[in-house]
Amino acid sequence: MQPMGRIPRIEYEGALYYVQALAETDLTGTQALAQSFLDLIDRMGERFSVTLFAYALLPGEYHLLLKTEQANLTRAFQWFSTAYSRRHNSLTRRQGPVFKGRYKAVIVEKRQSLLSLAHCIHQTSAGLSTNTDPASYAWSSYQAYAGDTRGPAALDISPVASMLEGCPYAKDFKDFLKSGHDPLAEILHGAFLGSAPWAEKLLTRARVPKPMNSHPAPPEQGVKKGPANIARAIDRVCAHIGIPKAVLLSRTRRRTHAKDLRDALIVHLFEQGQYASQEIAHGFGLTDSAVSHTVKAFRARQEAGESHPDQASGTVAKALLPNPDGDAGAPPEEVIASMERRIHNVSFVHGARGLNRSPSQEDKTQRMRRQLILSTLFCLHQHGYHGATLSRILDHAGVSRGAWRHHFESKTALVAAAAQAMYEGTARLARENAPLLARDPDPLMAMFDFIWVTFHQGWHRNVWLEFTVAARTDQRLRELIEPVTQGFFQIVAGLVTEHLESRDPENMPPALLMDLSLYLSRGMAIQSVVAGNEAHYKILRAAWGQLLRPYFRFFRDRGSGS
């Protein structure tokens, strides 16, 4: 292989890398500096699906051994380098770059090389002026391999430890030092650790020649990239969580979930390093100083151990993930449309009374009622009955504190209306699918599976459980929900009578079968909250169908009665 210039970054799913970077300043000057480095490594691992196998943080450099589950090494380290530089300079009250140039990333061919590379990384801490024993150095993964500490959350020692074949890590490490082997001396072109044919193959794939006479497409006229992408990010977060844009951008001083999301998004955009403070400020209707203050305050809350900022950051990260087809375009802002994507099978409630989906057929009163009911269902699913406070529901719906009382006299009445909407929509769904289930080759099993998947898993199960538990101690709620529940059972019983006949109607009428099946499925649904073994529940449903199959048959064609 002939020597060549700088190698382009080569990325693919499941790639192994040895990463090194030199620093302009001391990275381990204080415990806070070193710990912030590991904290951000953890965040990078969670945000970009990066698994860390070994690390060593030294005063003037760092060494990492890792795997990227996605082809995103450049994005991950662009985020990490920017985030850590800001954190480091904030803690040390300095300015300027933290790292010397670009980081070095060597792509590794064979998993078997990980053990020797881990030894190399841990060896770097030997010979430091304050320390000659890696076992007593606090800022490397050696202690985790030796069993003295757990290490950061992103660290996974099992793939490397499995290569030891029962040998203590400390002994294998000493044997490695005695051998004098240096795998880093075998690196090709400063970027590949593996065979020459493998490196040539990767280079061939990475170096695709550009066509002659090709020119980059001209930028769109009148559109500035930064502000356009900031607006798109705001739209995506609003649509993901199901709140109007006005709620997210509200400048209230009161700390709400929407305000946490707004601050988390500002911090996310700020730490990307792609936008100037002025661009972010313009996108959110703030001043430059307000952006800086928001970032500092949000980080201070995180460092203080508050859970809400981390939850908001996680939500923002999920909202900004590209769609499965790679499109990162913004979904519509309209709150009901976003709720339809966010709540699992929200179509349950669309056929309910007073919740017509056509904007042309609903006036302002109906629309607000519909928003309140959808937001109640969403909050019950996300936060539980006691967590679905009236304040949180109204924030989610974008409804003022005074307007909701024109529609419901209390929170209990609102929850009861949400239960009615859910059960009426559920009954409609059962009515639509009953003829299809009757024509299935195994209709009894198809019916049990339909009941389980549609009614007793996911969003519907969670909300139904919240209704049930709350009604146990809330007599008024129980009085409002009981007739709705009974009405649902009556509708389903009527559907069963239409499509199912009993071979022994006196002892085993169809309605009894449905009651038994619903109650059995509900019991399994409760158990699945703490024991989610789907294969086991499938076996139980099959056994139930086997027990009842001799007693019933479906009308496959209502006209012929056969």
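Predicted model only: the values in this text are computed from it and were never measured.

What counts as what
Residue positions within a chain follow its written sequence, with the count starting from 1. Residue-level local features of this predicted model are given only where pLDDT is at least 70; pairs of side-chain atoms are given and counted only at 80 or more, and the full residue set underlies all totals for whole chains, interfaces and linings. Side-chain measures were taken over the full set of non-hydrogen atoms in the model, leaving aside hydrogen atoms and water. Strands are labelled as partners when DSSP assigns at least two bridges between them. Strands are runs of DSSP state E lasting at least 2 residues, helices are runs of H or I lasting at least 4, and numbering of each runs from the N terminus. Every residue pair with non-hydrogen atoms within 4.5 Å of one another is taken to be in contact. Angles here are taken between N-to-C directions and fall from 0 to 180 degrees, while the axes themselves are lines fitted to C-alpha atoms, restricted in helices to the stretch in contact. Between buried and exposed lies partly exposed: a residue is buried under 20% and exposed over 50% of the maximum accessible area for its type, with that area taken using a 1.4 Å probe on protein chains only. Working definition: rings of Phe, Tyr and Trp (its six-membered ring) pair if their centres are within 6.5 Å, and the pair is stacked with planes under 30 degrees apart, edge-to-face with planes over 60 apart, and tilted otherwise. In our convention, an over-ring charge means Lys NZ or Arg CZ found within 6 Å of a ring centre and within 35 degrees of that ring's normal.

Peer 1: Honestly, the sheet that holds strand 3 (residues 61-68) in this entry has me stumped. Any pointers?
Peer 2: Paired through backbone hydrogen bonds, the strands of a sheet run either parallel or antiparallel to each other. Taking strand neighbours across the sheet as the criterion, the 5 strands line up as 2-3-1-4-5 in an open arrangement whose pairing is mixed. Bordering the open sheet on either side are strand 2 (50-58) and strand 5 (192-193), each of which pairs with just one other strand. Set on the sheet, helix 2 (residues 73-92) makes contact with strand 1 (15-22), strand 2, strand 3 and strand 4 (104-108); between it and strand 3 the angle comes to about 140°. Packing of helix 3 (residues 113-123) onto the sheet brings it into contact with strand 1, strand 2, strand 3, strand 4 and strand 5, and relative to strand 2 it is tilted by some 25°.

Peer 1: Can you walk me through helix 3 in this structure?
Peer 2: With 10 of 11 residues buried, helix 3 is to be regarded as a mostly interior element. Restricting attention to buried positions, one finds in helix 3 the residues Ser113, Leu114, Leu115, Ser116, Leu117, Ala118, His119, Cys120, Ile121 and His122.

Peer 1: What should I look at first to understand the pairing of strand 4 in this one?
Peer 2: A regular strand places its side chains on the two faces of the sheet in alternate fashion. Strand 4 sits mainly inside the fold: 4 of its 5 residues count as buried. Across 5 bridges, strand 1 lies against strand 4 in antiparallel orientation. Directly across from Gln20, in strand 4, lies its bridge partner Lys104. Sheet analysis places strand 4 next to strand 5, joined by 2 bridges and oriented parallel. Directly across from Val108, in strand 5, lies its bridge partner Leu193.

Peer 1: Got a minute to help me understand the packing of aromatic side chains in this structure?
Peer 2: The geometry of two aromatic rings is summed up by the distance between their centres and the angle between their planes. For the coordinates displayed, the defined rule picks out 15 aromatic pairs. Plain terms: the ring middles of Phe37 and Tyr62 are 5.2 Å apart, the flat faces sit at 55° to each other, and that makes the pair tilted. On the criterion of sequence distance, the pair formed by Phe37 in helix 1 (residues 31-48) and Tyr62 in strand 3 is long-range, its members being 25 residues apart. Neither Phe37 nor Tyr62 differs from the other in exposure class; each is buried. A centroid spacing of 6.2 Å and a plane angle of 20° characterise the contact between Tyr169 and Phe173, whose relative ring orientation is stacked. Here Tyr169 and its partner Phe173 are both found in helix 6 (residues 169-179), 4 residues apart, which amounts to about one turn of the helix. Of the two residues, Tyr169 and Phe173, both sit in the buried class. Taken together, the ring pairs in this structure connect Phe37, Tyr62, Phe77, Phe80, Tyr84, Phe99 and Tyr103 into an aromatic cluster. Residue placement shows Arg9 over the ring face of Tyr103; its charged tip is 3.9 Å from the ring centre. Above the ring of Tyr385, the side-chain terminus of Lys411 is found at 4.6 Å from the ring centroid.

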